[in-house]
Every structure is written in C-alpha cells, then in structure tokens.
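# Notes for the structure review
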Amino acid sequence: MSLHLDAEALYTELLAGVRGLIVPDVVLVGVWSGGAWLAERLQRDLGLATPHGVISSTMHRDDFGSRGLGSTTDATNLPFSVDGRPIVLIDDVLYTGRTIRAVINELFDFGRPASVQLAVLVDRGGRQLPIQPAFAAARLTLPATQQLALDRDDAGRFRFTVQETR
Ligand SMILES: O=P(O)(O)OC[C@H]1O[C@H](OP(=O)(O)OP(=O)(O)O)[C@H](O)[C@@H]1O
Ligand SMILES: O=c1cc[nH]c(=O)[nH]1
C-alpha cells in the first residue's frame, strides 16, 4: 500500500500548533535543511518579531560513520542572542531523535536558552533517545526500510516522498 501524505495540509496543522507555542520573546529555529524551509515559511506566516534561525546537527552528530560529514552549506545561523530565549525548534521528520540531540548540543554552544521545545511535521516513532515533540502535525509508523523526505518546489510548496532505502 502506498502512503500519501499531504505536506501542505500538514503545514497548515503545524502553523496552528506552533501558534500555540508562542510566548513573549520566542524565536523559531529550523533544523537544516527541511526544518529550515518550514521555519522560513512559519516566520513569514506568524510575523514574529525576531527573525528565525537555522541550525545544523553536523558538528555534534554521533553517527558520522554511517552518514558522512554532511554538506558544507549547512552552517548554523542564529541572528539573535540565545541566552534567556524561549526557543522552538522546527523539523520536518522526527525519527530516532539523534538529530535533535545533536542540535540541542549545537544550540547550547551559543548560549543558555530559557527553554527549548520541538514542533515537527511528522513524528514517525522509532525513537532511540528520550526526545518528545511539543507538537507533531502527524504521527505514523513506517517500516525501517522507508525514508520520508520533504521537498519544496519553486513556488515554495511542500511535498513528501517515501523512498525504499534497501
Ligand atoms: O530523528 P532522526 O533519526 O535523527 O531523523 C530526523 C532527521 O533526519 C532528517 O534530516 P537529514 O539530516 O537527513 O537532513 P535533511 O533535512 O537535509 O533531509 C530530518 O530532516 C530530520 O532532521
Ligand atoms: O524517514 C525519515 C527518517 C529520518 N529522516 C528523514 O528525513 N526521514
């Protein structure tokens, strides 16, 4: 059976969910690369006072061996002071939780936030670490052989594809 996920409908759910996480001084931080696309659009749609940031997991990953070193374009860019800030991390897919663990380490290299929450488009289960999103637009279970990938077209519209990895 093929899985159809309407990424644009899920984005609308995510927008509503993130709206519920907004507190004074909050800032969005998108996880490179899918989460960064989402954070960019959320920033526009929510009109938050502080520009969103982008964060890379590359410097703190525990799985270089199986993933490689990553691209040179995925540098962290946080155009605000992290100290004392409520942060909402944004990502497209949450699976093992290892990316978010690495991203939290990266965040703390820049300061000590007041709080860190996580909002995702899809939580596909399979956690290997105790990481829990404050909001997920969808929760589903996929076979370990399948990979969910978010794409963005030239008009900025989102689309999910499911690929067999073996
Ligand atoms: O919970 P995990 O098992 O760590 O997996 C989730 C991460 O995997 C994907 O990122 P990836 O590093 O593949 O990069 P991408 O966003 O550029 O696809 C996805 O965007 C999440 O960040
Ligand atoms: O299905 C998955 C699992 C991890 N990361 C993704 O981007 N997709």
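Our subject is the structure that appears above.
Right, let's walk through the structure included here. (Residues numbered from 1 in each chain as written. Chains lettered and ligands numbered in written order. Predicted model: local features only at pLDDT ≥ 70, side-chain atom pairs only at ≥ 80, totals over all residues. Heavy atoms only, no water.)

## A few points about helix 4 (residues 98-108)
Quick reminder: α-helices carry 3.6 residues per turn. Residues three or four places apart thus point the same way. All of the buried residues in helix 4 are Ile100, Ala102, Val103, Glu106 and Leu107. The arc that holds the buried residues of helix 4, viewed along the axis, is 160 degrees, so those residues lie on one side. Where helix 4 is buried, its residues touch strand 1 (27-31), strand 2 (53-55), strand 3 (86-94) and strand 4 (115-123). (Buried < 20%, exposed > 50% of the residue type's maximum accessible area, 1.4 Å probe, protein only. Helix = DSSP H or I, 4+ residues; strand = E, 2+ residues; numbered from the N terminus. Arc of directions from axis to C-beta. Contact = heavy atoms within 4.5 Å.)

## Considering the sheet that holds strand 3
Spatial strand order, 2-1-3-4-5: five strands in an open sheet with parallel pairing. In the strand order of this sheet, the two ends are held by strand 2 and strand 5 (135-139), each with one partner. Strand-to-strand twist in this sheet, taken as the mean axis angle between neighbours without regard to direction, amounts to 25 degrees. Those strands touched by helix 2 (residues 34-46) are strand 1, strand 2, strand 3 and strand 4, and its axis lies near 155 degrees from that of strand 1. Together, strand 1, strand 2, strand 3 and strand 4 form the strand contacts of helix 4, whose direction differs from that of strand 3 by roughly 155 degrees. (Pairing = 2+ DSSP bridges. Axes fitted to C-alpha atoms, helices over the stretch in contact; angles between N-to-C directions.)

## Some points on the packing of aromatic side chains
Summed over all chains, the structure comprises one aromatic pair. Taken together, a centroid distance of 5.9 Å and an interplanar angle of 45 degrees make the contact between tyrosine 11 and phenylalanine 158 tilted. Of the two residues, tyrosine 11 sits in helix 1 (residues 7-19) while phenylalanine 158 sits in strand 7 (residues 158-164), which places them 147 residues apart along the sequence. Residue tyrosine 11 is classed as buried on the basis of its relative accessible area, which comes to 2%. According to the relative accessible area criterion, phenylalanine 158 is buried, its value standing at 5%. The aromatic ring of tyrosine 11 is capped on one face by arginine 41, whose charged end is 4.2 Å from the ring centroid. (Phe/Tyr/Trp six-rings, centres within 6.5 Å; stacked < 30°, edge-to-face > 60°. Lys NZ or Arg CZ within 6 Å of the ring centre and 35° of its normal.)

## Notes on the nonpolar core
Ranked by internal contacts, the top residues of the largest apolar core, which has 29 residues, are Leu14, Leu42, Ile90, Leu121, Val122 and Phe160. For this core, the secondary structure elements donating two or more residues are helix 1, helix 2, strand 3, strand 4, strand 5, strand 6 (146-152) and strand 7. If sequence neighbours within four positions are ignored, isoleucine 90 has contacts with Leu14, Val18, Leu28, Val29, Gly30, Val31, Gly35, Leu38, Ala39, Leu42 and Ala119. (Core = buried A, V, L, I, M, F, W, Y, C linked by side-chain atoms within 4.5 Å.)

## Topic: the pairing of strand 6
Of the strand pairs in this sheet, strand 6 and strand 7 are connected by seven bridges, and their pairing is antiparallel. In the sheet register, leucine 148 faces strand 7, and the bridge partner there is valine 162.

## Remarks on the site of ligand 2
Taken together, Val93, Tyr95, Arg124, Gln147 and Leu148 make up all the residues around ligand 2. Between ligand 2 and glutamine 147, the relevant distance is 3.3 Å, taken from a nitrogen atom to a side-chain nitrogen or oxygen of the residue. A distance of 2.7 Å separates a nitrogen atom of ligand 2 from a polar backbone atom of leucine 148. When its residues are assigned to classes, the shell around ligand 2 shows three nonpolar, one polar and one charged. (Near = heavy atom within 4 Å. Polar contact = N/O pair within 3.5 Å; in protein donor to acceptor, adjacent residues only side chain to side chain. Nonpolar A, V, L, I, M, F, W, Y, C, P; charged D, E, K, R; others polar.)

## Notes on the pattern of salt bridges
Applying the stated criterion across every chain, the model contains nine salt bridges. Of the charged contacts, one joins arginine 61 and aspartate 63 as a salt bridge, the two residues approaching to 2.7 Å between their closest N and O atoms. Each member of the pair arginine 61 and aspartate 63 is classed as buried. Across the pair arginine 139 and aspartate 123 runs a salt bridge whose closest N-O atoms are separated by 3.1 Å. Of this pair, arginine 139 sits in strand 5 while aspartate 123 sits in strand 4, and the two are 16 residues apart along the sequence. What makes aspartate 123 buried here is its relative accessible area of 6%. Connected through shared salt-bridge partners, Glu40, Arg44 and Arg152 make up one network. (Salt bridge = Lys/Arg side-chain N within 4 Å of Asp/Glu carboxyl O.)

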